[in-house]
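Okay, here's what each chain looks like letter by letter:
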Amino acid sequence: MIKPAFGVLVFAAVSLAACDNATAPAEDRAALAMKAATMLPDDADLSAKYERSCIACHVTVDSGAPIVGEQAEWQKRFQAGEKTVLSNTISGIRAMPPRGSCLDCTADDLAGLITFLSGRTISAETVAAVAAEHSGEPE
Ligand code: HEC
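Residue positions are counted from 1 within each chain, in the order its sequence is given. Local features in this predicted model are restricted to residues whose pLDDT is 70 or higher, and side-chain atom pairs enter the listing and the counts only when it is 80 or higher, whereas totals over whole chains, interfaces and linings include all residues.

What follows deals with the site of the ligand. With respect to spatial proximity, 27 residues lie near the ligand, and among them Cys54, Cys57, Ala65, Met96 and Gly100 are the closest. Sorting the residues of the shell around the ligand by element identifies helix H3 (44-58), helix H5 (82-91) and helix H6 (107-118) as the ones contributing at least two each. Where helices and strands are cited, they refer to DSSP runs of H or I of at least four residues and of E of at least two residues respectively, numbered from the N terminus. Take the shell around the ligand: its biggest share by element is five residues, from H3. A per-class count over the shell around the ligand returns 16 nonpolar, nine polar and two charged. As a rule, any residue with its backbone-derived C-beta atom within 6 Å of a molecule or strand is reported as near that molecule or strand. Residue polarity follows a fixed list, in which Ala, Val, Leu, Ile, Met, Phe, Trp, Tyr, Cys and Pro are nonpolar, Asp, Glu, Lys and Arg are charged, and the others, Gly among them, are polar.

Below, the structure written as structure tokens:
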């Protein structure tokens, strides 16, 4: 069974590369989501928070959430700036609940989780600035 599964992943990787910035076709997103469902952050604390709060939506095509490692989708979102992405994560955006429903996640935790989801780092300055803007908000 290992060989066919590997073939599907290679196919997905090649098709994703080929379609550049466009949203990937449904079958490619499904293959990406299958792969994403097997991945966890290296850090044990972040991994626990991710499994508790983020994984259900962010490896599920029908949730409307950008999938873990879905480069074209994350690139679009980061075009608004890393500060906006982190701020939206804390406040919630459309079907995404505030703090991704991780109420004990700090801004730093969320930045680490965003790095895992998107492959992009958020600078310590941005984390500090966004945390200050959102301090004192009800959770
Ligand atoms: C209930 C489902 C759900 C959960 C749980 C969830 N998300 Fe999301 N997330 C979404 C959806 C849906 C979107 C896309 C929202 C939109 O733009 O319409 C999203 C978008 C995002 C974005 C992009 C924000 C932007 O500016 O475009 C980030 C970053 C993110 N989620 C991080 C997380 C993290 C980190 C967790 C866990 C702590 C998490 N999410 C948990 C559903 C979820």
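Another aspect to go through is unusual backbone geometry. In the Ramachandran plot, Arg99 falls in the positive-phi region, its phi being about 55° despite a non-glycine side chain. Burial in this document is a count-based property: other C-beta atoms within 10 Å of a residue's C-beta are tallied, and the residue is buried at 20 or more, exposed at 12 or fewer, or partly exposed in between, with C-beta positions derived from the backbone. Exposure remark for Arg99: the 21 C-beta atoms within 10 Å place this residue in the buried category. The phi dihedral of Ser101 is positive, around 70°, even though this residue is not glycine. Tracing the backbone through its elements, the reader meets Ser101 in the loop between H5 and H6.

Axes here refer to lines fitted to C-alpha atoms; in helices the fit is confined to the stretch in contact. Angles between the N-to-C directions go from 0 to 180 degrees. Put simply, H5 and H6 touch, their axes get as near as 10 Å, and they point 115° apart. Judged by the sense of rotation from one axis to the other, the crossing of H5 with H6 is right-handed. Contacts from Val85, Leu86, Thr89 and Ile90 in H5 reach Ala107, Leu110, Ala111 and Ile114 in H6. Partitioned by chemical class, the residues of the contact of H5 with H6 number seven nonpolar, one polar and no charged. With the far helix as reference, a near helix turned anticlockwise by less than a right angle produces a left-handed crossing, and one turned clockwise produces a right-handed crossing. By the convention adopted here, residues are in contact when the distance between their C-beta atoms, placed from the backbone, does not exceed 7 Å.

Here we come to the environment of Ser123. Relative to the assigned elements, Ser123 resides in the loop between H6 and helix H7 (124-134). Expressed as a C-alpha distance, the spacing of Ser123 and Lys83, which sit 40 residues apart in the sequence, is 9.1 Å.

Note that all results are geometric; they support no functional claim without further evidence.
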